[in-house]
Amino acid sequence: MKIINSVEDLRKEIRTLKTQKQGTVGLVPTMGALHNGHLSLIEKCRKENEIVVVSIFVNPTQFGPNEDYDKYPRTLEADAKICKEAGADIVFAPSPRDIYDEYYFKNKETTLVCPPYDVVNKLCGKSRPGHFDGVCTIVSKLFNITKCDKAYFGKKDYQQLFIIKKMVCDLNFDIEIIGCPIVRETDGLAMSSRNTYLTPDARKKALSISAALHRAKELYKKGVNEAQTLIDTALAYMENQGLNVEYTEVVDIDTFEKTDKPKTGALMLIAARVSVDTGEDIDSVRLIDNIEL
Ligand code: PAF
């Protein structure tokens, strides 16, 4: 497995591997701090492609000014080990200067890929203006750089997956987007790189997010199909644990529009902040999760 930093070297290596292996290129875009959720994407990608590229890049254009860009965990050595064991051919780990040009660093602006307003400015996009423009921009760049045939994304970030599929359709990228199931800890917490911020006490509180989703699903299975009742139940569960809930919504999985009477397979999504007392500071960690009803 090769670890490559520059776009030019990556293109060269993919060309070489393509002549050797004659198959499809699969891409797993990540921001590193890899966990078993990422591992499941890499393993699936390995099974379905001859050439496997994992990108590790904490993308500045998808972070808002008051978000955790600087403190986002960067663990390249451990990440590379995970990729190697999972059989990746290439880890692409560029620096921001390998990806964005001088103009960007001087003016804090670049050409952006901006999906429609109504798709990006709800749910996570409501509290993170510009986030999905940054995501779509870096993902388009990675698609253009790797010329991949397939790309793998986790369903924990379901809105991101939906938006990327829309972008691929709208911009005619000839790439298959594959959504992969959420991987959970044994106690139910959805795996996330941001879980590393949680103290044991905060982690316990964070469990109420997945518990609330499972409770809502149980109610739905018992015949409660009023979205508001499911939302109120989930909210009460989390607020009881002291969580600051940003949103709890039920959407149609095909349109991502709110639904009052969810059909089977509708998606319930939550974003909530858990406060973390580090002893020196009280911080809050934003977590997301979802479940198909
Ligand atoms: O989901 C992520 O880790 C990021 O948003 C992605 C898709 C790698 C783009 O930076």
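Please read all numbers here as calculations on a predicted model, not as lab measurements.

Attention now goes to the site of the ligand. Around the ligand, the surrounding shell consists of P29, T30, M31, Q62, V135, I138, F153 and Q160. A distance of 2.6 Å separates an oxygen atom of the ligand from a polar atom in the side chain of Q62. Contacts to the ligand include Q160, whose side-chain N or O atom sits 2.8 Å from an oxygen atom. Contact with the protein chains covers 88% of the free accessible surface of the ligand, which is 290 Å². Those elements giving two or more residues to the shell around the ligand turn out to be β2 (25-30) and α8 (131-146). Grouping the constituent residues of the shell around the ligand by class yields five nonpolar, three polar and no charged.

With that settled, consider helix α3 (residues 76-85). Along α3, the residues classified as buried are D79, A80 and C83. When α3 is viewed along its axis, its buried side chains cluster within an angular range of 100 degrees and face the same direction. What points out from α3, more than 90 degrees from its buried face, is the exposed set E77, K81, K84 and E85. Taken together, the buried residues of α3 touch β1 (2-4), α2 (36-48), β3 (51-56) and β4 (90-92).

Along the chain, the position of L171 falls in the loop between α9 (158-170) and β6 (176-180). Separated by 58 residues in the primary sequence, L171 and V113 have C-alpha atoms spaced 9.7 Å apart.

Right, let's talk about the side chain of R194 for a bit. Looking at the secondary structure, you find R194 in the loop between β6 and α10 (200-221). With sequence-adjacent residues up to four places away left out, R194 is seen in contact with F63, D68, Y72, R128, V285, R286 and L287.

Of all six residues that make up β3, six are buried, and the element is covered over most of its length. Side chains I51, V53 and S55 of β3 all project onto a buried face; the interleaved residues V52, V54 and I56 project onto the opposite face, where all are buried too. Assessed by its sense of winding, the connection that carries the chain from β2 through α2 to β3 is right-handed. By the bridge criterion, three bridges tie β3 to β4 in an arrangement that is parallel. When the bridges of β4 are listed, V54 appears paired with V91. Considered for its hand, the β-α-β crossover made up of β3, α3 and β4 is right-handed.

Attention now moves to the pattern of salt bridges. The tally for this structure, following the rule as stated, stands at 18 salt bridges. For the salt bridge of R194 with D68, the shortest nitrogen-to-oxygen distance reads 2.9 Å. One end of the pair, R194, is in the loop between β6 and α10; the other, D68, is in the loop between β3 and α3, with 126 residues separating them in the sequence. Residue classification places R194 among the buried residues on the basis of a relative accessible area of 18%. A cluster of three or more residues bridged by salt bridges with shared partners is formed by K21, R46 and D89.

Quick look at the environment of V135 now. As for its position among the elements, V135 is in helix α8. Residue V135 is classed as buried on the basis of its relative accessible area of 3%. As a C-alpha pair, V135 and V113 span 22 residues in sequence and 8.5 Å in three-dimensional space. Not counting residues up to four positions away in its chain, the partners in contact with V135 are N59, Q62, Q160 and I164.

Attention shifts here to the packing of aromatic side chains. Remark: the centre distance and the inter-plane angle together describe each pair of aromatic rings, the angle taken between the planes. Counting across every chain of the model gives eight aromatic pairs. Where F57 meets Y100, the ring centres are 6.4 Å apart and the plane angle is 40 degrees; that geometry is what we call tilted. Taken as a pair, F57 in the loop between β3 and α3 and Y100 in the loop between α4 (96-99) and α5 (102-107) lie far apart in primary sequence, 43 residues in all. With 5.4 Å between their ring centres and 80 degrees between their planes, F143 and F173 make a pair best called edge-to-face.

The subject of this paragraph is a nonpolar patch on the surface. A grouping of M1, I3 and L76 is seen on the molecular surface, where their side chains present a nonpolar patch of about 240 Å² in accessible area. Along the chain, M1 turns up in the segment before β1.

Turning next to empty space enclosed by the protein. Taken as a whole and judged by the stated rule, the model has one cavity of 30 Å³ or more. Space inside the largest cavity adds up to approximately 70 Å³. Along its surface, the largest cavity is lined by K156, L189, A190, S192, N195, A206, I209, S210, L287, I288 and D289. Looking at the lining of the largest cavity, the elements that each hand over two or more residues are α10 and β9 (282-292).

Reading guide: rules and limits
- Residues numbered from 1 in each chain as written.
- Predicted model: local features only at pLDDT ≥ 70, side-chain atom pairs only at ≥ 80, totals over all residues.
- Heavy atoms only, no water.
- Near = heavy atom within 4 Å.
- Polar contact = N/O pair within 3.5 Å; in protein donor to acceptor, adjacent residues only side chain to side chain.
- Areas by Shrake-Rupley, 256 points an atom, 1.4 Å probe, with all protein chains shown as cover.
- Helix = DSSP H or I, 4+ residues; strand = E, 2+ residues; numbered from the N terminus.
- Nonpolar A, V, L, I, M, F, W, Y, C, P; charged D, E, K, R; others polar.
- Buried < 20%, exposed > 50% of the residue type's maximum accessible area, 1.4 Å probe, protein only.
- Arc of directions from axis to C-beta.
- Contact = heavy atoms within 4.5 Å.
- Right-handed = clockwise from strand over helix to strand, strands pointing away.
- Pairing = 2+ DSSP bridges.
- Salt bridge = Lys/Arg side-chain N within 4 Å of Asp/Glu carboxyl O.
- Phe/Tyr/Trp six-rings, centres within 6.5 Å; stacked < 30°, edge-to-face > 60°.
- Patch = residues over 30% accessible without salt bridge, like charges linked within 9 Å, V, L, I, M, F, W, Y side chains within 5 Å.
- 1 Å grid on protein atoms, 1.4 Å probe; cavity = no way out; pocket = protein on both sides within 12 Å on 5 of 7 lines; lining within 4 Å.
- Points joined across faces, edges and corners; volume = space filled by probe spheres on them.

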